[in-house]
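Chain by chain, the residues:
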Amino acid sequence: MTTSKKINTLLSAGALALASTSTMAQDMSITVTNLTQGLHFTPLLTSAHTSDNKMFMSGEAATAELQMMAEGGDISGLASMLTNADANNNENPAAGLLAPGMSTTYTLTNDSGNTHLSMVTMILPSNDGFVGLDRWEIPTEAGTYTINLNAYDAGTEANNELRGSGAPGMPGMPVPPPLDASYGMNGTGITDTESNTMVHIHRGSIGDDMADGGKSDVDNSIHRWLNPVAKLTVTIQ
Amino acid sequence: MFTFSLKKNTTIIIAATLLLTLSACGDSDDTAETPAPVPAPAPAPETPAEYTYAVTVTNLTYAQPLSPLGVILHAESKMWVTGEVSSVALEVLAEGGDNSDFIADSNALAAISSDGVILPGSAGMVEISTTDRNATYFTVATMLVNTNDAFSGLTGIDISEMTLDDSKSWNLNVYDSGTEANSELMGTIPGPVDGGTGFDAIRDDVDFVAYHSGVVSQDDGLSNSVLTQAHRFDNPAIKLTITRTK
């Protein structure tokens, strides 16, 4: 009892001493909402990291780790890359796919120095589309902050919009079993080239209105989108 | 020291308020941020008996007339939430452009409809007044009528700190009520392109509200669509301004 009182006193003094600095650890409660009615998101990766680290950047080529995530939803590469850089990660908070209209809430505590927040998740169906937050500077003021997120294209795979593989470098879109029935089949393909190989804002899917055949295995009434596609809300204690 | 930090905080609060106003206009950028509402200052000792707000909506689309605005003042609540089921009143508005049930909501402390349709490239304005000091939140909704069930608007916005002549603006995205499949079929679109059925109680879509994926149209691969390239839209679709005038 006496000990904990002393600790409290010490903590109070410590809190006062730290109050004037902006580098103390922060406890964040984060909610990501899938704003669409027809897209699924693969396991999310959220990371608080130093200002000179990142997951992706528009206008730059994707890393191999980003490509794994954007083409197949595999966040392990990005997660270990950031862990090796002493980042604070949250992986797969929804324990699987984040369905249309659904939200997932999780906590993340950043070490001092990990001043920037990034988040990625792959869009299904897509060849290499992902939702991204790129190096958002974590405010030092307590409060609730809302950020609308756009869809990016990793620039690593042609948007053929056909059933295929989630492995890096392999053509086509991954088809997780729960989504199998919502995809079309036997399309001829929208395009087999990807001339912009830099990360860029996704131009959206074309799709078609044929469950069997046509150009695309994407349904044009269900799987298109307009930005923003996700909302990230951060509450800083 | 204490005085200094108090001043600093005040500056931060003002900066945050400015940021809130500015960032609301650029909502689609992923760097836009909306700080939490700052702590409310003590209410002014002399509050007027009547509060009046002018709500102006500019139609930013190419060929999507907007149904008459439904505007409501209420206590803290939201009239739709992303991921949740639409009320029947919102369904009636989103499928048919009829806001009568929507503005008759039992939580409404004041409600009004604007007079007519707001055509593309034009703006519509309506004033709403109340003497109820609990009417500190506002909601507005309007249908994009050449669609199955697209609507735009804002809900549950805190206006308690607006002083006389204060003005706030937003560029707003388009929602889908999730209550009617986006078939774009002849006979299902109430707007002038089709003159089809508006509200239908059958729910044949995902049955939750979220953002709209845009119309496809007969010119872009939906062969049975009654819509053409002219009816396509993007976010944002409307600009909304609220000004306290009394």
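Residues numbered from 1 in each chain as written. Chains lettered and ligands numbered in written order. Predicted model: local features only at pLDDT ≥ 70, side-chain atom pairs only at ≥ 80, totals over all residues.

(A) Structural context of the overall build of chain A. Each helix and strand in chain A was counted, giving three helices and 10 strands. Ordered by position from the N terminus, the helices and strands of chain A form the series α-β-β-β-α-α-β-β-β-β-β-β-β. Projected onto the principal axes, the alpha-carbon positions of chain A cover approximately 75 × 30 × 25 Å. A separation threshold of at least 6 residues defines the contact pool for chain A, and within that pool the share at least 24 residues apart is 73%. (Helix = DSSP H or I, 4+ residues; strand = E, 2+ residues; numbered from the N terminus. Contact = placed C-beta atoms within 7 Å.)

(B) Fine view of the confidence of the model for chain A. When pLDDT is averaged along chain A, the result is 92; 90% of the residues meet or exceed 70. Note on residues 1-22 of chain A: pLDDT under 50 across the span, and two contacts to partners over four residues away in sequence or across chains. (pLDDT = per-residue confidence, 0-100.)

(C) Spatial organisation of the pairing of strand E2 (residues 70-74) of chain B. Residues and elements named next belong to chain B. For E2, the tally of buried residues reaches five of five residues, placing the bulk of the element in the interior. Side chains Gly70, Ile72 and His74 of E2 all project onto a buried face; the interleaved residues Val71 and Leu73 project onto the opposite face, where all are buried too. The pairing of E2 with strand E5 (residues 137-143) spans five bridges and is classified as antiparallel. Counterpart to Leu73 in the pairing with E5 is Phe138. (Buried ≥ 20, exposed ≤ 12 C-beta atoms within 10 Å, placed from the backbone. Pairing = 2+ DSSP bridges.)

(D) Structural view of the nonpolar core. By size, the foremost hydrophobic cluster in this structure holds 96 residues, and its most contacted members are Met69, Leu78, Val120, Phe130, Val131 and Leu232 of chain A together with Leu144 of chain B. Looking at this core, the element that brings in the most residues is strand E6 (residues 116-124) of chain A, giving six residues. If we ignore the near neighbours within four places in the chain, the residues touching Val120 of chain A are Leu45, Met55, Phe56, Met69, Leu78, Phe130, Val131 and Gly132 of chain A. (Core = buried A, V, L, I, M, F, W, Y, C linked by C-beta atoms within 7 Å.)

(E) Structural context of the interface of chain B and chain A. On the chain A side, the residues contacting the 27 residues of chain B number 30 residues. Here the side of chain B that touches chain A is built from residues that sort into 10 nonpolar, 12 polar and five charged. (Nonpolar A, V, L, I, M, F, W, Y, C, P; charged D, E, K, R; others polar.)

(F) Fine view of helix H2 (residues 64-72) of chain A. All names here are of chain A. Within H2, seven of the nine residues are buried, leaving the element largely enclosed by the surrounding structure. All of the buried residues in H2 are Glu65, Leu66, Gln67, Met68, Met69, Ala70 and Glu71. Those residues of H2 that are buried lie in contact with helix H3 (76-84), E6 and strand E7 (129-137). Of the residues trailing H2, Gly73 is marked for its positive phi of about 75°.

(G) Layout of the confidence of the model for chain B. Residues and elements named next belong to chain B. Taken over all residues, the pLDDT of chain B has a mean of 88, while the share at 70 or more is 80%. Of the regions scoring below 50 in pLDDT, residues 1-31 engages in 32 contacts with residues more than four places distant in sequence or in other chains. On the interface metric, ipTM, the complex scores 0.88, and its pTM is 0.85.

(H) Seen up close, the sheet that holds strand E7 (residues 167-172) of chain B. Residues and elements named next belong to chain B. The sheet built from four strands is open, its strands ordered E4-E1-E10-E7 with antiparallel pairing. Sheet topology places strand E4 (123-130) and E7 at the edges, where each strand pairs with a single neighbour. The mean inter-strand angle of the sheet, taken between neighbouring strand axes irrespective of direction, is 15°. By the bridge criterion, eight bridges tie strand E1 (residues 51-59) to E4 in an arrangement that is antiparallel. Note that in E4 the partner of Thr56 across the bridge is Met125. (Axes fitted to C-alpha atoms, helices over the stretch in contact; angles between N-to-C directions.)

(I) Region of interest: the environment of Thr144 of chain A. Residue and element names in this part refer to chain A. Here Thr144 lies in strand E8 (residues 143-153). Note on Thr144: 14 C-beta atoms within 10 Å, which makes it partly exposed. Separated by 45 residues in sequence, Thr144 and Gly189 place their C-alpha atoms 43 Å apart.

(J) How the structure looks around the packing of H2 of chain A against H3 of chain A. All names here are of chain A. Relative to each other, H2 and H3 sit at 145°, their axes nearing to 7 Å. On H3, the residues touching Ala64, Glu65, Leu66, Met68 and Met69 of H2 are Gly77, Leu78 and Met81. Classifying every residue of the contact of H2 with H3 by side-chain character gives six nonpolar, one polar and one charged.

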